[in-house]
Amino acid sequence: MSSLEKQIFESYAGLEGQQLLEPILRDFHGRAAVVSSFGAESAVLLHMVSQVDPSTPVIFLDTGKHFWETISYRAKLVDRLGLTGVRVITPDKALLAAQDPDGTLHKKNADHCCHIRKTLPLERALAGFDVTISGRKRYHGAARATLDFLSIGDGRLKVEPLAGFSALDIAAHMKAHDLPTHPLTEIGYFSIGCEPCTLPGGSAADPRAGRWAGTGKTECGIHWTHNGQAITPLSRAAH
Ligand code: SF4
């Protein structure tokens, strides 16, 4: 990152939510992509994106293991918000055939399953983008508890406009803008990923309790660097 870019980023200090998205999508027009799971809380960030620029590229990783409700919800949200830049990214077919021929790799090696179904396809999809934007929140805890609004990893700026949002903030934004909810949230799912790795449950106090429950795994890996290191917060990278 150049010193000029660092100066630009400092100008975003104190901004969050849509106020942060606006200058990012303006200053990095054509170089920024949103990554969304179209999960339980995704509507909030996608709504903000639609208000700033509905043609913003939005990457959805179709792992082949999603709930049908998520695929249906994606179509509903895209239509409701008028998003025109959604890109559905799938895993490499030859790699799947070689390394997960019967589709049960998630039971034997979930990290490798996430690698070939999420991390590698995302890296391919992000070629040409300098900025990624996602909707992670600190209140989700674990590795996300110390999330910064801006950080750097693998040569890209990572932007987290909702880092400081609470469960109440999310609910308030959904209500204020009459946003549709993911159907699985109505039957007890607080956080939603792939079907084989997501159980009902979780709460505002432990939002991701239903993700890889009982395995010790808490993240799929797409928010880490190539060598498995945590993304470096911008404030630390600048020193
Ligand atoms: S969340 Fe589960 S099914 Fe989805 S890619 Fe990761 S291990 Fe595979």
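Scroll up to find the structure.
Residues numbered from 1 in each chain as written. Predicted model: local features only at pLDDT ≥ 70, side-chain atom pairs only at ≥ 80, totals over all residues. Heavy atoms only, no water.

A. A look at the site of the ligand. Ala 110, Cys 113, Cys 114, Cys 194 and Cys 197 are the nearest of the ten residues found near the ligand. Broken down by element, the residue count for the shell around the ligand peaks at five residues, all from helix H7 (residues 110–125). Residues that form the shell around the ligand fall into these classes: six nonpolar, one polar and three charged. (Near = heavy atom within 4 Å. Helix = DSSP H or I, 4+ residues; strand = E, 2+ residues; numbered from the N terminus. Nonpolar A, V, L, I, M, F, W, Y, C, P; charged D, E, K, R; others polar.)

B. Highlighting the side chain of Lys 137. Along the polypeptide, Lys 137 turns up in the loop between strand S4 (131–133) and strand S5 (150–153). Since its relative accessible area comes to 5%, Lys 137 is described here as buried. Looking at Lys 137, its side chain comes within polar contact range of the side chain of Glu 41, at 2.8 Å. Those residues in contact with Lys 137 that lie beyond four places of it in its chain are Glu 41, Arg 144, Leu 147, Leu 162, Ala 163, Phe 165 and Ile 170. (Buried < 20%, exposed > 50% of the residue type's maximum accessible area, 1.4 Å probe, protein only. Polar contact = N/O pair within 3.5 Å; in protein donor to acceptor, adjacent residues only side chain to side chain. Contact = heavy atoms within 4.5 Å.)

C. Representation of the nonpolar core within the structure. Formed by 32 residues in total, the largest nonpolar core has its most connected members in Ile 24, Phe 28, Leu 46, Val 131, Ile 133, Leu 157 and Val 159. Going through the elements one at a time, helix H2 (17–27), strand S1 (32–35), helix H3 (42–52), strand S2 (58–61), helix H4 (68–81), S4, strand S6 (156–159) and helix H8 (167–176) are the ones with two or more residues in this core. Counting residues per element, this core draws most heavily on H3, at six residues. Those residues within four positions of Val 159 in sequence are excluded, and the remaining contacts are Leu 20, Ile 24, Val 131, Thr 132, Ile 133, Ser 134, Phe 149 and Leu 150. (Core = buried A, V, L, I, M, F, W, Y, C linked by side-chain atoms within 4.5 Å.)

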